Amino acid sequence: MESSVTQGQSIDNPFLLYAVRVTAIKQVSPTFRRFTFAGPDTTSIADTGYDQRMKLIFPLPGKDFSDFPMIDNWYSAWRALPNDERPPVRTYTLRNVRPETGEFDVDIALHGRLGPASTWASDAVIGDEIIVTAPNSRSATYGGGIDWHPPAAVNRVLLVGDETSAPAIAGILERLDPSTIGAAVLELPDAADAAIIGRKPDGVELTVLGRGDGPVGSASIPRVCAIATELVEAPIESATPLEDVDVDTDLLWEAPTADVVPSSAPLYAWLAGEAVVIKTLRRHLVTECGVDRRAVAFMGYWRHGRAETN
């Protein structure tokens, strides 16, 4: 593979395309498989941590990436391709980065061969090639992709998610100050998927709920509501009204930046996962518990019953 930068990308671009190969595969838990990648120029991938988003571009069946536009404006060129010639693109969390070796890890949830990403993850072997977009440490410009923006003096945190956001929550927990207190609640397909979580502050209580055959949110919603009531010691006097969001047609996504989150917020909440579940929990936190809505980051990563599209 040639250097990604010499193929038409600016070295100052905050995100770069990298042509990479799978160098290791590890089954972390019943649901999660960890893929290690490396390739030319990957020593420049930035170790930003937390919930840093990135994209994986998967090959079409029987095709390689010889014609893929490795240029700064790749997304527009990709969008212009005919549907049957457009490689699938999916968003993941940059889980671990080792700049000294040019390696990085991505944890992917396995849920059968139901789409291009899960099919690739089920069948991939060492040596397989894909393309990724990742933050570039050589750029002086922040490229975004992190939605964890707590106030500097936050007293306690609440993190909530499912299998789509578990890698991001794991990354956040590993970067928290050891003195942080609060709770993290994950509803995952199997309770043994708790193995995806590494380090965490002693003061953050971790609850991993195995969903089994139950509906999405059936385990996490009652548990989070109970925990939230305990965490919110001093709710604001009047809750901020929330506009209704139709998660079947609109994107459920609001992540207040650090300059918006109140510096005195007694609780900072980060919620990501299935859109109906996140909408329900956000309403409980803001309307019923009185949490300042500016201190709640919420992201509907997916919608139950709807296939993900490019």
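The text that follows walks through the structure, step by step, so that each part is easy to find. Every chain's residues receive numbers from 1 upward, in the order its sequence appears when written. Confidence filtering applies because this is a predicted model: local features only for residues at pLDDT of at least 70, side-chain atom pairs given and counted only at 80 or more, and all residues used for totals across whole chains, interfaces and linings. Side-chain calculation: all heavy atoms of the structure are included, whereas hydrogens and water are not.

1. So, the sheet that holds strand β2 (residues 32-38)
The strands that make up a sheet are held in pairs by hydrogen bonds between backbone atoms, and each pair lies either parallel or antiparallel. If you trace the seven strands from one edge of the open sheet to the other, you get β4-β3-β7-β1-β2-β6-β5, paired in antiparallel fashion. A strand with exactly one partner marks an edge of an open sheet, and here the two such strands are β4 (89-93) and β5 (96-98). Adjacent strand axes in the sheet meet at a mean angle of 35°, parallel and antiparallel pairs treated alike. Pairing between strands is defined by DSSP: at least two bridges between the two strands are required. Strands here are runs of E lasting at least two residues and helices are runs of H or I lasting at least four, both read from the DSSP assignment and numbered beginning at the N terminus. Pairing analysis gives seven bridges linking strand β1 (residues 15-27) to strand β7 (residues 129-135), with the strands arranged antiparallel. Along β7, the bridge assignment pairs V20 with I130. Packed on one face of the sheet, helix α2 (residues 116-123) meets β1, β2, β4, β6 (103-109) and β7 and runs near 80° to β2. Between N-to-C directions, angles cover 0 to 180 degrees, with each direction set by a line fitted to C-alpha atoms, over the stretch in contact for helices. Two residues qualify as a contact provided that any one of their heavy atoms is within 4.5 Å of a heavy atom in the partner residue.

2. Quick word on the packing of helix α4 (residues 220-231) against helix α5 (residues 275-288)
Interaxial distance between α4 and α5 falls to 10 Å at its minimum, and their mutual angle equals 20°. Relative to α5, α4 is oriented roughly parallel. Note on packing geometry: the crossing formed by α4 with α5 is right-handed. On α5, the residues that touch S220, I221, V224, C225, A228 and T229 of α4 are V277, T280, L281, H284 and L285. Under the scheme applied, nonpolar residues are Ala, Val, Leu, Ile, Met, Phe, Trp, Tyr, Cys and Pro; charged residues are Asp, Glu, Lys and Arg; polar residues are all the others, including Gly. A class-by-class count of the residues in the contact of α4 with α5 yields seven nonpolar, four polar and no charged. Here the angle decides the label: under 35 degrees means roughly parallel, over 145 means roughly antiparallel, 65 to 115 means roughly perpendicular, and every other value means oblique. Less than a right angle of anticlockwise turn of the near helix away from the far helix marks a crossing as left-handed, whereas a clockwise turn marks it as right-handed.

3. Things to note about the nonpolar core
The biggest cluster of nonpolar side chains holds 34 residues, and the ones touching the most others in it are F37, L56, F68, F104 and W120. Those elements that provide at least two residues to this core are β1, β2, β3 (53-57), α1 (74-79), β4, β6, α2 and β7. No other element matches the six residues that β1 contributes to this core. Counting residues in hydrophobic clusters, the runner-up holds 30 residues, among them I197, V208, A272 and A297. For our purposes a nonpolar core is just a set of buried Ala, Val, Leu, Ile, Met, Phe, Trp, Tyr and Cys residues, chained together by side-chain atoms within 4.5 Å. Exposure categories follow from relative accessible area, calculated using a 1.4 Å probe and restricted to protein chains: below 20% of the type maximum is buried, above 50% is exposed, and the middle band is partly exposed.

4. Some remarks on the side chain of E187
Among the structural elements, E187 can be located in strand β9 (residues 181-188). There is a polar contact of 2.8 Å between the side chain of E187 and the backbone nitrogen of S220. If near-sequence neighbours (up to four positions away) are discounted, E187 is found in contact with G161, D162, E163, L209, R211, P215, V216, G217, S218, A219 and S220. Any pair of N or O atoms that falls within 3.5 Å is considered a polar contact. Within protein, one atom must be able to donate a hydrogen and the other to accept it, and sequence-neighbouring residues count only if both atoms are side-chain atoms.

5. As for the pattern of salt bridges
Basic side-chain nitrogens of Lys or Arg form a salt bridge, by our definition, when they fall within 4 Å of a carboxyl oxygen of Asp or Glu. Overall, the coordinates contain 19 salt bridges when judged by the stated rule. In this structure, D244 engages K279 in a salt bridge whose closest nitrogen and oxygen atoms are separated by 2.8 Å. Of this pair, D244 sits in the loop between α4 and β11 (253-254) while K279 sits in helix α5, and the two are 35 residues apart along the sequence. For K279, a relative accessible area of 22% gives the class partly exposed.

What is shown is where atoms sit, not what they do.
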